[in-house]
Amino acid sequence: MDRFFHSVTLDADKCLGCTNCIKRCPTEAIRVREGKAKIISERCIDCGECIRVCPHHAKKAKSDPLSIIENWKYKIALPAPSLFGQFNNLDDIDIVLTGIKQLGFDDVFEVSRGAELVSDATRKLMNAGVLKKPVISSACPAVVRMIRVRFPDLCDHVLPLNAPMEIAAWIAKREAAQKTGLPLSEIGAFFITPCPAKVTDIKVPIGNQKSNLDGAIAISEIFPRLSHCMDKLTEIEPISQSGVIGVSWAGSGGESAALLDEKYLAADGIENVIRVLEELEDERIRELDFIELNACSGGCVGGVLVVENAYVAKARIQRLRKYLPVSQNHLPGEVPPSMRWEEELEFAPVLKLSSNLEEAMRMMEEIDTICGELPGLDCGSCGAPSCRALAEDVVKGVARKSDCIFVMREQIQNLANTLSSIGGFVPPSHGEKKEKK
């Protein structure tokens, strides 16, 4: 398995080198070199922000095709709660769940059921006082990956519980095995995903060696066929087993509200998330118990693999809530090991200049010197997101200071002045003697 598998990919043929993406990437993982964007694999967190802002559709997210389910004898769909916000005037989740089965799945297990269990487990752990406060939600894999690479001091604040999709898959597979008698190896669980970060988290999971899921299918891929199946239904199966608490996870604030604790903060949108993490790192946020962070605006309903406007979808989820019970899933006792991470979250030093401290200090001084010689406009014309990023690239040997158009202009002007100063001087030809005065 590739350590740096990424769902977010670049189509170089469509890229025009416009630099929109480099300014919005939260980990400075993109450069424009020779007229084309390039993604620095180890820095990318698959948040999908570059997909959102690229006007030429040169960035896209890889996910599994629906045909992947044909490789398993028994196929389970695990729809994200955000899927329910894609449909207008929906008043019964079972319509969506029954429609999903028409796509070729043998069963459907709501991820919102897993969300209700995570909410219950979080309440238990917080009441037991075993978590370092403020606790940071681990539900958004893009946020967790960003903490790993940019905010190492906050790693021990991240909730060490598996995401709802993982817990849902774990339960769904075992229930299917008990019902069918099939081995787990012949039962496939497939997440219907709103975002690329979750695709990556299935391929290269954080906190575990292996995911319980066998694939991720984009909401945008199945939506047309699913809508058609829903329109043709003649009978609706009673499948849904989740309530308001689980379905509300689709939008920002849903996870926090489920904790029944007023001392929480919910922020969405990658820039707002970064500001909150910076304040946490500086210890300017102390009075909170829980912090919910979503890389996408509006929460999961704002993922780049959905089809509906995030705020329209969130309003639809809000309307749907009145038809649902509060919650239908609870833990019978203590938090089981299957819900916890197998490994602690550790700092991934991909932004370090050098593993040698002395060399890193020397490079830092050189970066400071070069940065002082740059204009400080952070215009992005050099292909790097900021003047400091360009200085870092220069020190690493992957860019030149003259990539800055202002430095280049100054060099050209100096050259022009030099040529102008010698323009009126014509040296004597060979053998010609200077005229005596």
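Since we're looking at a predicted model, the values are computed, not measured.

**A closer look at the packing of helix α5 (residues 141–150) against helix α11 (residues 270–281)**
Here is step 1: Here α5 crosses α11 at 45°, and the two axes come no closer than 12 Å. Considering their axes alone, α5 and α11 lie oblique with respect to each other. Every pair of crossing elements has a handedness; the one defined by α5 and α11 is right-handed. Listed contacts from α11 to Val 143, Met 146, Ile 147 and Arg 150 of α5 are Ile 270, Val 273, Ile 274, Leu 277, Glu 278 and Glu 281.
Here is step 2: A per-class count over the contact of α5 with α11 returns 7 nonpolar, no polar and 3 charged.

**Concerning the sheet that holds strand β11 (residues 290–294)**
Here is step 1: Sheet architecture is open: 3 strands sit in the order β7-β11-β10, paired in parallel fashion. Each end of this open sheet is capped by a strand with a single partner; those strands are β7 (135–136) and β10 (264–268).
Here is step 2: Across 2 bridges, β7 lies against β11 in parallel orientation. Bridge pairing in β11 places Ile 136 opposite Ile 291.

**Description of the pairing of strand β5 (residues 74–79)**
Here is step 1: Burial analysis of β5 places 6 of its 6 residues in the buried class, the great majority of the element.
Here is step 2: Examined bridge by bridge, β5 and strand β8 (residues 187–193) share 6 bridges and lie parallel to one another. Along β8, the bridge assignment pairs Lys 75 with Gly 188.
Here is step 3: The pairing of β5 with strand β6 (residues 107–108) spans 2 bridges and is parallel. Residue pairing in the sheet places Ile 76 in a bridge with Asp 107 of β6.

**Section: the pattern of salt bridges**
Here is step 1: This model, assessed by the stated rule, comprises 26 salt bridges.
Here is step 2: Here Arg 388 ties to Asp 368 by a salt bridge, and the two come within 2.8 Å at their closest N and O atoms. Note that Arg 388 is positioned in helix α14 (residues 387–396) and Asp 368 in helix α13 (residues 357–373), a separation of 20 residues in sequence.
Here is step 3: Under the relative-accessibility criterion, Asp 368 is labelled partly exposed at 40%.
Here is step 4: The partner of Asp 403 in a salt bridge is Arg 400, and the shortest N-O contact between them spans 3.6 Å.
Here is step 5: On the basis of relative accessible area, Arg 400 is assigned to the exposed category, the value being 57%.

**Details of the sheet that holds β5**
Sheets are built from strands that pair by backbone hydrogen bonding, the pairs being arranged parallel or antiparallel.
Here is step 1: Pairing is parallel in the open sheet, where 4 strands are placed in the order β6-β5-β8-β9. Of all the strands in the sheet, just β6 and β9 (215–218) have a single pairing partner and so form its edges.
Here is step 2: Inspection of the sheet shows β8 paired to β9 by 4 bridges, in the parallel sense. Pairing of Phe 191 across the sheet is with Ala 216, part of β9.
Here is step 3: Seen against the sheet, helix α7 (residues 196–203) touches β8 and β9 and runs at an angle of roughly 155° to β8.

**Topic: unusual backbone geometry**
Here is step 1: Of note, the amide linkage connecting Lys 133 to Pro 134 takes the cis form, showing an omega dihedral of -5°.
Here is step 2: Looking at the secondary structure, you find Pro 134 in the loop between α4 (111–128) and β7.
Here is step 3: The phi torsion at Asp 46 lies on the positive side, around 60°, for a residue other than glycine.
Here is step 4: Following the sequence through the fold, Asp 46 ends up in the loop between β3 (36–39) and α2 (49–53).
Here is step 5: A positive phi angle is found at Glu 283, which is not glycine, with a value near 60°.
Here is step 6: Locating Glu 283 in the fold gives a position in the loop between α11 and β11.

How each quantity is defined
Counting of residues starts from 1 at the beginning of each chain's written sequence and follows it residue by residue. Note on the predicted model: pLDDT of at least 70 is required for a residue's local features to be given, and 80 or more for side-chain atom pairs to be given and counted; whole-chain, interface and lining totals, by contrast, use all residues. Think of the side-chain values as coming from all heavy atoms in the structure, minus any hydrogens and water. Helix axes are fitted only over the stretch in contact, all axes being lines through C-alpha atoms; the angle between N-to-C directions runs from 0 to 180 degrees. Where helices and strands are cited, they refer to DSSP runs of H or I of at least four residues and of E of at least two residues respectively, numbered from the N terminus. With respect to orientation, any angle under 35 degrees is reported as roughly parallel, any angle over 145 as roughly antiparallel, any angle of 65 to 115 as roughly perpendicular, and every other angle as oblique. Should the near helix be turned anticlockwise from the far one by less than a right angle, the crossing is termed left-handed; should it be turned clockwise, right-handed. What makes two residues a contact is simply this: any of their non-hydrogen atoms within 4.5 Å. Nonpolar residues are Ala, Val, Leu, Ile, Met, Phe, Trp, Tyr, Cys and Pro. Charged residues are Asp, Glu, Lys and Arg, and all others, Gly as well, are polar. Any two strands with at least two DSSP-identified bridges between them are counted as paired. Note on classification: 1.4 Å probe, protein chains only; a residue is buried when its accessible area is under 20% of the maximum for its type, exposed when over 50%, partly exposed between these limits. In what follows, salt bridge is the name for a side-chain nitrogen of Lys or Arg lying within 4 Å of a carboxyl oxygen of Asp or Glu.

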